[in-house]
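Commentary on secondary and tertiary structure
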Amino acid sequence: MQLISFLDEALVKEVQATYGTPVYVYDQVTLETQAEQVMAFPNAYGVTARYAMKALPSAAVIRVLSDCGLHIDASSGFEAERAMRAGVPAAHIQVTAQEFPHNAKDLFDQGVLFNACSIAQIEAYGALAPNTELSIRVNPGLGSGATNRTNVGGPGASFGIWHAHLGDALEAANRHGLTVRRMHTHIGSGSDPEVWERVALMSLDICSRLPDATVLSLGGGYKVGRVKGEVSTDLQKIGLHIVEAFRASAQKTGKELSLVVEPGAYLVANAGALVCTAIDVV
């Protein structure tokens, strides 16, 4: 029997007897260790870490990561509801969704944050919550991903407001008395660290054109090694370059932007195992 590092034969048998099979088992120590690394992401003026819960929406996993201090990135209104049922405070949840949430008003009334991915979404949000604050997702013009389906930046991606349309986005926000306090970018999953750093610099430049922005989210997409030979992204290494860039931007613009990072798979990819019986495996 080949076992995952956090399981031994006795524990596998106990899980089989207690819960039946097949059953997924997650290791809290691994989750907490990964969370600690993310929470320690180098930063110049403060950092908030959000768990992109689409990577694994288990309520138990969400609770562990929330207890570690992570906030939540929800990719739908349904995920936001799920996170709240798991005990996450509404103010710690931000929705970033291609489709405007079906339950948007209820979520916003409870204090869930919103990240508009299009000018149409700015208009929809403004109609429900005028004279408030929001975040906008911007496509900086460059992307990187392990495959073309996980590349969510650049001209071939539909995610976010194209950077050249930033003025139109601000006009839409102004029509509803909205203050764009946060900007978000995300270029892809399993992305190249060097490209990620380049996009960070591009995003800082774009964010400097948002007069009221105080927060810049650089998303997630950090490469995590799942099998022998794959190397995980060194968060400390790429983070040090980001610190320098944020400080240089502050000297140029006078604005000290806080940082948000939003990993998903990086936190959970190596924290679980599927326990089966011999007949299940066959």
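A brief report on the enclosed structure follows. (Residues numbered from 1 in each chain as written. Predicted model: local features only at pLDDT ≥ 70, side-chain atom pairs only at ≥ 80, totals over all residues. Heavy atoms only, no water.)

1. Comments concerning the environment of G221
Considering the arrangement of structural elements, one finds G221 in the loop between β9 (215-217) and α9 (235-253). Taking the C-alpha atoms as reference points, G221 and T233, separated by 12 residues in sequence, lie 9.6 Å from one another. (Helix = DSSP H or I, 4+ residues; strand = E, 2+ residues; numbered from the N terminus.)

2. Describing the side chain of H184
You can see H184 is positioned in strand β8 (residues 179-184). A distance of 3.4 Å separates the side chain of H184 from the side chain of N115, its partner in a polar contact. Within polar-contact distance, the side chain of H184 engages the side chain of E262 at 3.1 Å. Setting aside residues no more than four positions away along its own chain, H184 makes contact with T96, N115, S135, I136, R137, V138, S217, G219 and E262. (Polar contact = N/O pair within 3.5 Å; in protein donor to acceptor, adjacent residues only side chain to side chain. Contact = heavy atoms within 4.5 Å.)

3. Regarding the packing of helix α2 (residues 28-39) against helix α3 (residues 59-67)
At a closest axis distance of 9 Å, the pairing of α2 and α3 adopts a crossing angle of 45°. On the basis of their axis angle, the class for α2 and α3 is oblique. For the element pair α2 and α3, the recorded crossing hand is right-handed. Only V61, V64 and L65 of α3 make contact with α2, whose side of the interface consists of Q28, L31, E32 and A35. For the contact of α2 with α3, the per-class residue count stands at five nonpolar, one polar and one charged. (Axes fitted to C-alpha atoms, helices over the stretch in contact; angles between N-to-C directions. Parallel < 35°, antiparallel > 145°, perpendicular 65-115°, else oblique. Left-handed = near helix turned anticlockwise from the far one by under 90°. Nonpolar A, V, L, I, M, F, W, Y, C, P; charged D, E, K, R; others polar.)

4. Some remarks on the packing of helix α6 (residues 119-128) against helix α7 (residues 166-175)
Orientation of α6 relative to α7, taken along the N-to-C sense of each, is 10°, at an axis distance of 9 Å. What the angle tells us is that α6 and α7 run roughly parallel. Counted together, I119, I122 and E123 of α6 and D168, A169, A172, A173 and R175 of α7 form the full contact between these two elements. Of the residues that constitute the contact of α6 with α7, the class distribution is five nonpolar, no polar and three charged.

5. Here's the deal with the packing of aromatic side chains
Tallied over the entire structure, the rule returns eight aromatic pairs. Each ring, one from F100 and one from F108, has its centre 6.2 Å from the other, and the planes form 65°; the classification is edge-to-face. Ring geometry for F100 against F114: centres 5.4 Å apart, planes inclined by 80°, an arrangement best described as edge-to-face. Placement of F100 in the loop between β4 (93-95) and α5 (104-110) and of F114 in strand β5 (residues 113-116) is noted, with a sequence separation of 14 residues between them. (Phe/Tyr/Trp six-rings, centres within 6.5 Å; stacked < 30°, edge-to-face > 60°.)

6. Re the nonpolar core
If you look at the biggest cluster of nonpolar residues, it comprises 65 residues, and the most contacted ones within it are Y51, I72, I122 and I136. The leading source of residues in this core is α9, at five residues. Leaving out residues up to four positions away in the same chain, I136 has contacts with N115, A116, I122, I161, L166, V180, R182, M183, H184 and L210. Ranked by size, the runner-up nonpolar core spans eight residues in total, among them F6, V15, V23 and V275. (Core = buried A, V, L, I, M, F, W, Y, C linked by side-chain atoms within 4.5 Å. Buried < 20%, exposed > 50% of the residue type's maximum accessible area, 1.4 Å probe, protein only.)

7. Notes on the environment of W162
Tracing the backbone shows W162 in strand β7 (residues 161-162). Taking the relative accessible area as the measure of exposure, W162 reaches 30% and is therefore partly exposed. Sequence-wise, W162 and I119 are 43 residues apart; in three dimensions their C-alpha atoms are separated by 9.9 Å.

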